[in-house]
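Inside the fold
Here is how the chains run, residue by residue.
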Amino acid sequence: MAKPFQFLLLAVGVLALLAVGGEIIYSIAATTHGSTPARVVQVQAGPYPLTVSLYTSPAHASYALPFAIAPQQSTSGTLTYEVSSIPDPSDVPATPVRASLSPDPNVRNGVQGAAEITVQGKWALDIVVTGSAGRGEASVPLTATAPPAIPTWLGWAIGFIPLYGLLVFLLLQRGRKARQE
Amino acid sequence: MAKTFDEIAGFTGSTTLARSLRAVSTLRLVLGLTALLGAIIFLEGTSWDIQWHSYIGRDRTLIPPHLMMLSGVALSGISGLLSVLIESWWARRNTLIAQYSVGFAGIFSGPLGAYVVGFTALTAAVAFPLDAYWHALYGIDVAIWAPFHIMFIASMGLVALGAAYMLSSAAHLAARLGTAGIRTRRAASLGVVLALATVLSLFTLLLFDALEDKNFINLGFMSLSVFPLLSGLLVAFTLVAAAYAIPWRWAATAVSVCYLVLAGIMALFVQPATDWLLTVEHLNYREAPAFTSVVALQWFLTPLVVAILIDVFMHRARRKQWSRSKLTLFLVFTAELGGALPVVFIYPLLPVALAVQLGIAGSLASLLLGLAGTYLGTIFGRNVGESLDSLER
């Protein structure tokens, strides 16, 4: 293989490695809560008035949406939460996803978590809360966006990269054998 | 006639040289097997992922099957990278190592297979976020034939091929040591068999969609199936490569048996793992699941028959001194069986159903297309097999 081509391949490899590293860092960063919420919604879940803080708005499809839930009034006893991101079936071909939750150390009976939004379109953050006053449910509508779509042909052209590589490799093997003969 | 491992002269040089060769062959064996393990983990994880998508849905990006697949990619990529970095460092201090390595960009030295493993594991790693992007645009129920699924699976298939190259070079270097390297040689040869079976298995995942009628090529007056073309190309390539590369009487058969064993592992672990995670994650099935892995149920059985016939013809050709073109003709028509008769566990009458769907003209045209695939697969398989058979770098 010619030296300039080897350098080109090396440069592409390094760039690809950096892109993968950047994507991993971005995915991890997407789950972390910023200092200021991008959107704050007041909802009533049965007997419990709640404040829902969304740290990304609109949500980024295929990344986590960090959120926090806090009761607006102090309540006796403990509140437990179940949170899911629910796709709008008329708009989004996806399945509901349970969000990860952990207690918010700064807010009594508050939680924080990350809900995964897999596909662009209309979603809702479904919150079920249970406490001494019974069970309540609330829904926060969301919109998820994705980066602009690349043309389908370009997707296929990129997707076939390993097969082009295989073809080049097989032809090089053939050339190697011919040189040996 | 191709040179076999046994015919390579035993290495009887100085102790230092022998020690260096032993060390480098052991390094390639260990890292080649690790890269192969990564590809197998990816294969089994993909089977689990298909089960998860079919019966639960793509609910999160980092679901356990995806984590398993990514672990396989990472393991393979790290093995390839380590192999190149260690040998590059070593080759600067030892000219013998440099002699048995392939240089790259004037900076690196390493076995050819390690470069293949490293680069293709990297393309697999790039394919994963691209696939998440594709799902974000088009939804969760994307078919296997989607651009970045192909990129992901094909990349890992090539990782397994790279592992076969690493292991083959380990076997040949160990053969130079004579009896001292016999265990390394044996382990590496077994690894080559398993690696080729993994290549066959991973690319098999891309064959399923070829059987769906929405993927037939409709010419108006008849429909064509590309299954015989793709299956012929794949089966001929891997089994002919095995028959030329591995100095065993039943090399291709051993590859096809390992191919079935890999499906057996899927059959055993996928559905219990899915049930367990469903409970842990409080999820529900979208529909009642199959009793075992759906991929294992669709696994093709014909490669076993094709492999036995290839081994019989290869043996006969060596004994009777067949011409190269006569052997090629036999291999092409034998491998065509794989494309013509896609017999699967769950539906043994699939070839009949396919023929009825395509009609006589469509079936014959598809088989002719298949012959082109098996011819190319045989030629490429022979080149790769002969290259593997003499590879030391």
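Going by the structure above, here's the rest.
No experiment lies behind these values; they were computed from the predicted model shown.

Criteria and cut-off values
- Within each chain, residues carry numbers counting from 1 in the order of the written sequence.
- Just so you know, chain letters begin at A and ligand numbers begin at 1, following the order they were written in.
- It should be noted that, the model being predicted, local features are given only for residues of pLDDT at least 70 and side-chain atom pairs only at 80 or more, the latter also being counted only at that level, while totals for whole chains, interfaces and linings use all residues.
- Throughout, a residue-residue contact means that the two C-beta atoms, derived from backbone geometry, are no farther apart than 7 Å.
- Here a strand is any run of E in DSSP of at least two residues, a helix any run of H or I of at least four, and the numbering for each starts at the N terminus.
- Each residue is assigned to one class: nonpolar for Ala, Val, Leu, Ile, Met, Phe, Trp, Tyr, Cys and Pro, charged for Asp, Glu, Lys and Arg, and polar for all the others, Gly among them.
- Pairs of strands are assigned from DSSP output, requiring at least two bridges between the strands.
- Note on geometry: axes are C-alpha line fits, over the in-contact stretch for helices, and angles between N-to-C directions span 0 to 180 degrees.
- Roughly parallel refers to an angle under 35 degrees, roughly antiparallel to one over 145, roughly perpendicular to one between 65 and 115, and oblique to any angle outside these ranges.
- Put simply, a crossing is left-handed when the front helix is turned counterclockwise from the back one by less than a right angle, and right-handed when it is turned clockwise.

Glancing now at the interface of chain B and chain A. In this complex, chain B contributes 39 residues to the contact, which on the side of chain A involves 41 residues. Elements with a minimum of two residues in the side of chain B that touches chain A: α4 (112-138), α5 (147-175) and α12 (350-389) of chain B. Examining the composition of the side of chain B that touches chain A, we find that 14 residues originate from one element, α4(B), more than from any other. By residue class, the composition of the side of chain B that touches chain A is 22 nonpolar, eleven polar and six charged.

Time to look at the environment of B:A372. Checked against the element boundaries, B:A372 lands in helix α12. In the structure, B:A372 is positioned 142 residues away from B:L230 in sequence and 9.8 Å away in space, judged by C-alpha atoms.

With that out of the way, let us pick up the sheet that holds strand β6 (residues 97-98) of chain A. All names here are of chain A. One open sheet accounts for five strands, arranged β3-β10-β9-β5-β6; its pairing is mixed. The outermost strands of the open sheet, each flanked by one partner alone, are β3 (59-60) and β6. Relative to strand β9 (residues 121-131), strand β5 (residues 80-87) is paired through eight bridges, and the arrangement is antiparallel. Across the sheet, the residue bridging to P87 is W123, located in β9.

All names here are of chain B. Between helix α1 (residues 15-55) and helix α2 (residues 64-91), the least distance of the axes is 7 Å, while the angle of their chain directions is 165 degrees. By the angle between their directions, the pair α1 and α2 is classed as roughly antiparallel. As for how α1 packs across α2, the hand of that crossing is left-handed. Of the residues in the contact of α1 with α2, the class split is 16 nonpolar, eleven polar and two charged.

Here we come to the packing of α1(B) against helix α6 (residues 182-204) of chain B. Packed helix pairs are specified by the crossing angle of their axes together with the interaxial distance, meaning the distance between the axes. Residue and element names in this part refer to chain B. Between α1 and α6, the least distance of the axes is 10 Å, while the angle of their chain directions is 25 degrees. Relative to α6, α1 is oriented roughly parallel. Where α1 crosses over α6, the handedness of that crossing is left-handed. Contacts between α1 and α6 involve S25, T26, L29, G32, L33, L36, A39, I40 and L43 on the former and, on the latter, T184, A187, A188, G191, L194, A195, T198, S201 and L202. Looking at the contact of α1 with α6 residue by residue, the classes come out as eleven nonpolar, seven polar and no charged.

All names here are of chain A. By the bridge criterion, seven bridges tie strand β1 (residues 39-45) to strand β2 (residues 48-54) in an arrangement that is antiparallel. Directly across from V41, in β2, lies its bridge partner V52. Between β1 and β2, which pair antiparallel in sequence order, lie two residues; one of them, G46, sits at a positive phi of approximately 60 degrees.

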